[in-house]
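These are the residues of each chain, in order.
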Amino acid sequence: MAIDYKSAGVDVEAGYEAVKLMKQYVKTTYNDSVLGDLGSFGGFYALDDKEDGDCLVAGTDGVGTKLKYAFVLDKHDTVGIDAVAMCVNDIVCQGAKPLFFLDYIALSKLEPVKVADIVKGVCEGCRQSGCALIGGETAEMPGFYAKDEYDIAGFAVGIVKKNKIINGKSIKAGDKLIGLASSGVHSNGYSLVRKLFGEDKESLNKYNETLGCTPAELVLTPTRIYVKTVLSIIEKFEIKGIAHITGGGFIENIPRIIPKGLGISIDRSSYPLPRIFKALQEIAGIDDRKMCNTFNMGIGLVMAVDPSIAEDVVKELEALGEKAYVIGEVTAKEGVEL
């Protein structure tokens, strides 16, 4: 019997419905400075009325149930990187340079060394993305969280000129999609990962032939931060749209940057699939489409560019230290072809 994300306890469709329902309330808070709508990777707030004026872009997120592996393996110095990555990767999709980050850590009992380890990771994430950690909150909540467990979330604020915002509006059929390699599962799909690999420390430290290592060596690999790469590449090339491949994978995230009436076609053979996704699919027994709607499948960020510059963009991305591939194109037909 196949084990998918829904059977692992996460209903993606319910998430979409929740966003649809909450929009009616969210819009009542908007003023003239709010640009755009729910659905972008970041929220926009204009600081002035000028066409080339400054606009703040904000994003918030957490680490999700990946934290369970931090608890089991008693390793807490990398999940802070994930917390930062999930926020800054979102806002840089709009062309914004992250300015600062704030974190929120809640736990059953305050353990100074553990909290310092978590914040050590947050600071590493901030250094990688070039933003400052300017504050946060640590909440001790006995009786609310289980012993030795905690949660961490945060938010980032960046800035971009209004006339430099990347929003996907100029994307057209025939444009190429360039994928930047992920560092692994990143911070999405862990409710299913935990169902498949389990949470037993001894089992996690057993060698897995499909992985070529132990699951423990991979499950806490931090989310790759793409900020410096994106900020560099948009200075040299016209990048029409950028999608951060998080929950919902290719199927949910790439269409967020594609204009209505267009679709995408992904060539899954265009890049090497990391071993961890092969192992997860083998254990779960689910089809490619469900895998691509749950995990990043080895691609953490996707850029849409004119076909005439696609190969040059790939070369520049490689020069910046990324593994980059032309993984597909924009189509004249709505939908996602895999």
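Description of the structure in this document. (Residues numbered from 1 in each chain as written. Predicted model: local features only at pLDDT ≥ 70, side-chain atom pairs only at ≥ 80, totals over all residues. Heavy atoms only, no water.)

**Focus: the pattern of salt bridges**
And then number 1: Summed over the entire model, instances satisfying the criterion amount to 16 salt bridges.
And then number 2: Between Lys172 and Asp175 there is a salt bridge; the shortest N-O distance is 3.3 Å.
And then number 3: Judged by its relative accessible area of 0%, Asp175 is buried.
And then number 4: Glu199 is the salt-bridge partner of Arg194, the closest N and O atoms lying 2.8 Å from each other.
And then number 5: The buried category is assigned to Arg194, whose relative accessible area is 19%. (Salt bridge = Lys/Arg side-chain N within 4 Å of Asp/Glu carboxyl O. Buried < 20%, exposed > 50% of the residue type's maximum accessible area, 1.4 Å probe, protein only.)

**A look at the nonpolar core**
And then number 1: Within the largest apolar cluster, 94 residues are counted, with the highest numbers of intra-cluster contacts made by Ile178, Phe250, Leu280 and Met303.
And then number 2: When residues no more than four places from it in sequence are discounted, the contact partners of Leu280 are Val185, Val193, Leu196, Phe197, Met291 and Phe295. (Core = buried A, V, L, I, M, F, W, Y, C linked by side-chain atoms within 4.5 Å. Contact = heavy atoms within 4.5 Å.)

**Let's talk about unusual backbone geometry**
And then number 1: With a phi close to 50 degrees, Asp74 is a non-glycine residue in the positive phi region.
And then number 2: Positionally, Asp74 belongs in the loop between helix H2 (67-73) and helix H3 (79-92).
And then number 3: With a relative accessible area of 54%, Asp74 lands in the exposed category.
And then number 4: Positive phi, normally seen in glycine, also occurs at His186, with a value near 60 degrees.
And then number 5: Relative to the helices and strands, His186 resides in the loop between strand S7 (176-181) and helix H5 (190-197). (Helix = DSSP H or I, 4+ residues; strand = E, 2+ residues; numbered from the N terminus.)

**What to know about the environment of Asn89**
And then number 1: On the secondary structure map, Asn89 appears in helix H3.
And then number 2: The spacing of Asn89 and Lys333 is 244 residues in sequence and 28 Å in space, taken between C-alpha atoms.
And then number 3: Contact partners of Asn89, with chain neighbours within four places excluded, come to Thr223, Arg224, Ile225, Tyr226, Val227 and His244.
And then number 4: Here the side chain of Asn89 touches His244 through a polar contact of 3.5 Å, side chain to side chain. (Polar contact = N/O pair within 3.5 Å; in protein donor to acceptor, adjacent residues only side chain to side chain.)

**Quick look at the sheet that holds strand S10 (residues 299-305)**
And then number 1: In spatial order, the strands read S8-S10-S7-S11-S9-S12; together these 6 strands make up an open sheet with mixed pairing. Each edge of the sheet is formed by a strand with only one pairing partner; in this case those strands are strand S8 (241-244) and strand S12 (335-337). Strand-to-strand twist of the sheet, defined as the mean angle between neighbouring strand axes without regard to direction, takes the value 25 degrees.
And then number 2: Looking at chain direction, S8 and S10 are connected through 4 bridges and run antiparallel. Note on S10: the bridge partner recorded for Gly241 is Ala304.
And then number 3: Its contacts with the sheet place helix H11 (residues 310-319) against S7, S10 and strand S11 (324-331), and it is angled at close to 145 degrees to S11. (Pairing = 2+ DSSP bridges. Axes fitted to C-alpha atoms, helices over the stretch in contact; angles between N-to-C directions.)

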